[in-house]
Amino acid sequence: MRDLAGGFGHLLAGQKWVFRHGRWLGFGLLPGLVTLVLYAGALVGLGYGADDLTAWATPFADGWGSPWLGLFRGFLTGLVFALGLFLAVITFTAVTLLIGQPFYESLSEEVDRSIDGDAPESGLPLARELWISARDSVKVLLRVALFGILLFALGFIPVIGQTVVPVIGFCVSGFFLAEELTAVALQRRRVEFKERLALLRGRRAMALGFGVPLVLLFLVPVVAVFLMPGAVAGATLMARELRGEDAEGAESAGDAAGGAPAGQPAPQAPNPYAQPYPQQPAAPQGNPYGQAPAPAPQANPYRQEPPAPHNPYRQEPPAPHNPYRQ
């Protein structure tokens with residue numbers, strides 16, 4: 001479900017992008033208008049000739065009575081027109097992209113450039129790119145035609161042909177429509193057709209979430225013309241996710257900044273000067289470079305005091321008179 005919602009989100013994001021850049025919206029409308037005129041004429045012709053086509057294809061029913069003949073051929077006429085409309089929806093994108101290859105390639109480059117300032121380029125000449133686009137479109141149309149014939153045959157099964165088969169048809173249409181639109185951005189990245197299919201099969205829910213709503217909207221031809229530029233822009237955004245470019249860009253940006261990718265907190269470098277907080281107060285430590293106080297001076301028992309200097313003027317006091325001394 002996450003991929004399914006992600007594909008639809010890319011479709012909405014592409015439409016928002018072109019409406020924010022109005023110049024590219026008008027630029028991308030021109031190929032769709034040309035293709036719309038061509039397909040409108042083809043569908044009108046099919047509507048007028050579908051009855052004759054079914055009558056020619058079912059000569060065995062000419063002898064059926066009423067109302068069975070009318071119901072049978074009317075049902076087949078509806079199926080023929082539905083098949084033509086199914087093919088028109090699928091091929092509309094391929095033909096529009098082929099006609100507007102230079103237009104949509106420039107639009108896709110601008111979407112890439114608006115995200116990270118750079119747009120991958122194939123380096124191939126325009127004629128070579130047109131040939132590759134036409135060749136890959138034929139491959140898609142052949143696969144769509146095979147699915148269309150199979151679903152057309154399954155449409156005759158009661159109940160299932162009117163309920164399950166149309167749902168499968170829309171899913172097939174949405175998948176190949178997503179392939180056609182993402183091819184604009186992936187061809188510039190030199191991604192081959194088989195690799196593109198592998199990318200979409202790996203994220204099938206995303207491809208359906210992008211393509212199926214677009215198929216339903218493309219049933220209205222005028223709406224298809226106005227949604228085509230936004231569909232190319234949204235397919236470019238989806239191609240970036242399929243290739244993992246947004247994740248790689250965020251990772252490289254985080255590495256360049258010395259942090260984690262966008263959306264994640266940057267890891268904190270360990271502080272080499274940090275000291276662990278002690279659980280108990282540490283005892284005071286002595287100073288290893290300090291010196292103990294000097295001991296008190298002691299008397300030298302071997303030291304002799306120098307004699308006092310002789311004073312020639314000094315007179316000794318007379319001895320006291322002792323009357324009893326003889």
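What you see is a predicted model; the values in this text were computed from it and never measured. (Residues numbered from 1 in each chain as written. Predicted model: local features only at pLDDT ≥ 70, side-chain atom pairs only at ≥ 80, totals over all residues. Heavy atoms only, no water.)

Q: Could you clarify how one ought to interpret empty space enclosed by the protein in this entry?
A: Rolling a probe over the atoms, with the probe sized like a water molecule, indicates the empty space that remains. A full pass over the atoms with the stated rule returns one cavity of 30 Å³ or more. Taken as a whole, the largest cavity holds about 90 Å³ of empty space. Within the residue set of the lining of the largest cavity, elements represented by two or more residues are α5 (126-154) and α6 (160-188). At five residues, the largest contribution of residues to the lining of the largest cavity is made by α6. (1 Å grid on protein atoms, 1.4 Å probe; cavity = no way out; pocket = protein on both sides within 12 Å on 5 of 7 lines; lining within 4 Å. Points joined across faces, edges and corners; volume = space filled by probe spheres on them. Helix = DSSP H or I, 4+ residues; strand = E, 2+ residues; numbered from the N terminus.)

Q: What is the right way to look at the nonpolar core in this model?
A: Soluble, globular proteins show a tendency: their nonpolar side chains are buried together. Counting residues in hydrophobic clusters, the biggest one holds 45 residues, and the most contacted among them are Leu181, Phe210, Leu214 and Phe218. Examining the composition of this core, we find that eleven residues originate from one element, helix α9 (residues 221-242), more than from any other. Not counting chain neighbours up to four residues away, the residues in contact with Phe218 comprise Val89, Thr93, Leu177, Ala224, Leu227 and Met228. (Core = buried A, V, L, I, M, F, W, Y, C linked by side-chain atoms within 4.5 Å. Buried < 20%, exposed > 50% of the residue type's maximum accessible area, 1.4 Å probe, protein only. Contact = heavy atoms within 4.5 Å.)

Q: Please explain the layout of surface pockets as it appears in this structure.
A: What the largest pocket holds in volume is close to 440 Å³. For the largest pocket, the lining is made up of 18 residues, of which Ala82, Leu83, Phe86, Pro166 and Gly169 are closest to its centre. For the lining of the largest pocket, the secondary structure elements donating two or more residues are α3 (68-99), α5 and α6. Its residues assigned to classes, the lining of the largest pocket comprises 13 nonpolar, five polar and no charged. (Nonpolar A, V, L, I, M, F, W, Y, C, P; charged D, E, K, R; others polar.)

Q: Whenever I open this one, the packing of helix α4 (residues 101-116) against α6 confuses me. Can you help?
A: For any two helices packed against each other, the geometry is given by the interaxial angle and the distance between the axes. Contact pair α4 / α6: the axes reach a minimum separation of 10 Å and the direction vectors enclose 70°. Taken together, the axes of α4 and α6 lie roughly perpendicular to each other. Facing Gln101, Tyr104, Glu105, Ser108, Glu109 and Asp112 of α4, the residues of α6 in contact are Val184, Ala185, Gln187 and Arg188. Classifying every residue of the contact of α4 with α6 by side-chain character gives three nonpolar, three polar and four charged. (Axes fitted to C-alpha atoms, helices over the stretch in contact; angles between N-to-C directions. Parallel < 35°, antiparallel > 145°, perpendicular 65-115°, else oblique.)

Q: Sorry if this is basic, but what is going on with the packing of α5 against α6 here?
A: As a packed pair, α5 and α6 sit with axes 10 Å apart at the nearest point and diverge in direction by 175°. In this view, α5 runs roughly antiparallel relative to α6, as classed from their interaxial angle. Contact residues: Glu129, Ile132, Ser133, Asp136, Ser137, Val140, Arg143, Val144, Phe147, Leu151 and Leu154 in α5; Gly161, Val165, Ile168, Gly169, Val172, Phe176, Glu179, Glu180 and Gln187 in α6. In terms of residue class, the contact of α5 with α6 is built from ten nonpolar, five polar and five charged.

Q: How do you make sense of unusual backbone geometry when you look at a structure like this?
A: Among all residues save glycine, negative phi is the norm, and among peptide bonds the norm is trans. The phi dihedral of Val159 falls on the positive side, at around 70°, and the residue is not glycine. For Val159, the location among the structural elements is in the loop between α5 and α6. One non-glycine residue, Arg190, lies in positive phi territory at about 60°. Mapped onto the elements of the fold, Arg190 is located in the loop between α6 and α7 (193-202).

Q: Sorry if this is basic, but what is going on with the side chain of Thr35 here?
A: Position of Thr35 relative to the elements: it lies in helix α2 (residues 22-57). A residue is classified by how much of its surface remains accessible, and Thr35, at 0% relative accessible area, is buried. Aside from chain neighbours lying at most four places away, what touches Thr35 is Phe92, Val95, Thr96 and Ile99.

Q: So what exactly am I meant to see when it comes to the environment of Ala231 here?
A: With respect to the helices and strands, the residue Ala231 is situated in helix α9. For the pair formed by Ala231 and His10, sequence separation is 221 residues and the distance between their alpha carbons is 8.8 Å. Not counting residues up to four positions away in its chain, the partners in contact with Ala231 are Gln15, Leu181, Phe210 and Leu214.

Q: I'm lost on the packing of aromatic side chains in this one. Help?
A: Centre-to-centre distance and the angle between the planes together describe a pair of aromatic rings. Enumeration over the complete set of coordinates arrives at two aromatic pairs. A ring pair is formed by Phe147 and Phe176, whose centres lie 6.0 Å apart and whose planes are at 55°; its orientation type is tilted. Of this pair, Phe147 sits in helix α5 while Phe176 sits in helix α6, and the two are 29 residues apart along the sequence. Ring plane angle 90° and centroid distance 5.5 Å describe the contact between Phe175 and Phe176, whose orientation is recorded as edge-to-face. Comparing Phe175 with Phe176, the two get one shared label, buried. (Phe/Tyr/Trp six-rings, centres within 6.5 Å; stacked < 30°, edge-to-face > 60°.)

Read these as geometric descriptors, not functional statements.
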